[in-house]
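The chain contents come next:
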Amino acid sequence: MSKEAWFINESELDDFQIPIIQKKINNSFVVKGCAGSGKTVLALWKAREIEDTEIGSYYFIVYTKALRQFINDGVDEVGLEHSRVVHYYKWKHNLSKAGADYIIIDEVQDFSKDELLEMQRAANKAFILFGDSAQQIYSGLKDNLMTMEQVAFHTQLPMENLVRNHRLKKKIARVAQYLNTDGDNIESRCTQEGQNKPLLIKTDSQDDQLEKIMEIIDSEGYTDVGILFPDNKHVKYADKFFSNKQFRVESKYDISWPDNTKFNLNFHSDNPKLMTYHSAKGLQFEAVFIPYCSSDNITLKQKKPLYVAMTRTYQDLIVLFSGLLPPFLQEIPDNLFQKNEEPMGYSQTPEEEDDLPF
């Protein structure tokens, strides 16, 4: 199945997006929107407005390198200068001293208060921010992270809200919202019901989960796949496992730089993409597989990152585990999943778990 374009034309914007597009470019403001609400699209259009009017210099900043690469198509489609769209590390270490008239930030909830205020000081004319508190997954890893309301307060900027979710299907949202720690009823925001409930598969072992993923991808003919893991060591293990099976994948992991890293993601290829929940922020896929989703691998601290992982799909979600599910997943009603059936050409066999063979 072909990839769904994540970028939409200006004529397709909804009633909540249009007022943001129409804001005068010299206005600074914050935009809060759930997963799939079009934040990145709007941010790119604001950057396009700056280029079209030639009213000053700008930087479009995202937090991760993976997201920067993923939005390349959007950057090309709106005709932005690639050197002006950067991930934060590059801006901080190579570009921050020069400043810019306009600074646009996507996924602003990933930045600390200090990082945010530093970027605000570098913006000479306007500071425009897009984000979602529910997708803030660096808590515990970074200091001074803020909710979107706190972002608006500390920057002293007005906040706009996006309401509709154009990516996630209601059948997926009914499961994902159990992991939403902000108490947001995301199902009510979704515009489409979708065809398939999330599929929950229990296998004999963790290797069997990877075997099942290969089987499903081949049988369903998926060409836009994300396989998302709780941490980098699992990404590395799966990358090696698939390579040994001569199953072509692309991976991003970072365990110890520079000797134990890999980044060969190409979002124009049909190869499945392997990465952590954190690295998948801002991305979308036709089918998302979440293996190793057992109580041995998933802790309560990973509830919000797992929410982000589940909301990356615009069609199918497949969750795989061995042994026991984490308690917060056991609370999800059984009728929200497909289980012990063959709705898409494959079967499940519940058994016991083996240890991860590192």
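Above this note sits the structure.
About the thresholds
- Residues numbered from 1 in each chain as written.
- Predicted model: local features only at pLDDT ≥ 70, side-chain atom pairs only at ≥ 80, totals over all residues.
- Heavy atoms only, no water.
- 1 Å grid on protein atoms, 1.4 Å probe; cavity = no way out; pocket = protein on both sides within 12 Å on 5 of 7 lines; lining within 4 Å.
- Points joined across faces, edges and corners; volume = space filled by probe spheres on them.
- Helix = DSSP H or I, 4+ residues; strand = E, 2+ residues; numbered from the N terminus.
- Nonpolar A, V, L, I, M, F, W, Y, C, P; charged D, E, K, R; others polar.
- Buried < 20%, exposed > 50% of the residue type's maximum accessible area, 1.4 Å probe, protein only.
- Lys, Arg positive; Asp, Glu negative; His and termini not counted.
- Salt bridge = Lys/Arg side-chain N within 4 Å of Asp/Glu carboxyl O.
- Contact = heavy atoms within 4.5 Å.
- Phe/Tyr/Trp six-rings, centres within 6.5 Å; stacked < 30°, edge-to-face > 60°.
- Lys NZ or Arg CZ within 6 Å of the ring centre and 35° of its normal.
- Pairing = 2+ DSSP bridges.
- Core = buried A, V, L, I, M, F, W, Y, C linked by side-chain atoms within 4.5 Å.

Asker: So what exactly am I meant to see when it comes to the layout of surface pockets here?
Answerer: Empty space left among the atoms is revealed by rolling a probe the size of a water molecule over them. Taken as a whole, the largest pocket holds about 1,000 Å³ of empty space. Lining of the largest pocket is provided by 33 residues; of these, Tyr63, Tyr138, Lys252, His278 and Ser279 occupy positions nearest its centre. Only helix 5 (88-95), strand 11 (250-256), strand 12 (260-263) and helix 11 (303-310) provide two or more residues apiece to the lining of the largest pocket. Ranked by the residues each element gives to the lining of the largest pocket, the list is headed by helix 5, at four residues. The class makeup of the residues in the lining of the largest pocket is eleven nonpolar, 13 polar and nine charged.

Asker: Please explain the side chain of Arg167 as it appears in this structure.
Answerer: Looking at the secondary structure, you find Arg167 in strand 7 (residues 165-169). Buried charge without a partner: Arg167 forms no salt bridge, and the closest opposite charge is Glu107, 7.3 Å away. In contact with Arg167, other than residues within four places in its own chain, are Ala35, Gly36, Leu283, Gln284, Thr311, Arg312, Thr313 and Tyr314.

Asker: When you look at the packing of aromatic side chains in this model, what are you seeing that I'm missing?
Answerer: Aromatic ring pairs are described here by two measures, namely the spacing of the ring centres and the angle between the planes. Counted by the stated rule, this structure contains eleven aromatic pairs. Aromatic rings pair up to connect Tyr63, Tyr88, Trp91, Phe111 and Tyr138 into one cluster. Directly above the aromatic system of Phe29 lies the positively charged group of Lys23, at a separation of 5.1 Å from the ring centroid. Residue placement shows Lys65 over the ring face of Phe263; its charged tip is 4.9 Å from the ring centre.

Asker: Help me out: how do you make sense of the pairing of strand 2 (residues 58-62) in this one?
Answerer: Of all the five residues making up strand 2, five are buried; the element is thus mostly covered by neighbouring parts of the structure. For strand 2 and strand 3 (residues 85-87), the ladder comprises three bridges, and the chain directions are parallel. If you follow Phe60 over to strand 3, its bridge partner there is Val85.

Asker: Just to check I follow, could you spell out the nonpolar core for this structure?
Answerer: Soluble globular proteins: nonpolar side chains tend toward being buried together. In terms of nonpolar packing, the biggest core is built from 69 residues, with Phe60, Ile290, Leu306, Met310 and Leu329 touching the most fellow members. Examining the composition of this core, we find that seven residues originate from one element, helix 2 (residues 39-53), more than from any other. Ignoring sequence-local partners within four residues, the contact set of Leu306 consists of Leu179, Tyr277, Ile290, Cys293, Ile298, Phe328 and Leu329. Residues Leu199, Ile217, Tyr222 and Val225 belong to the second largest nonpolar core, which totals 25 residues.

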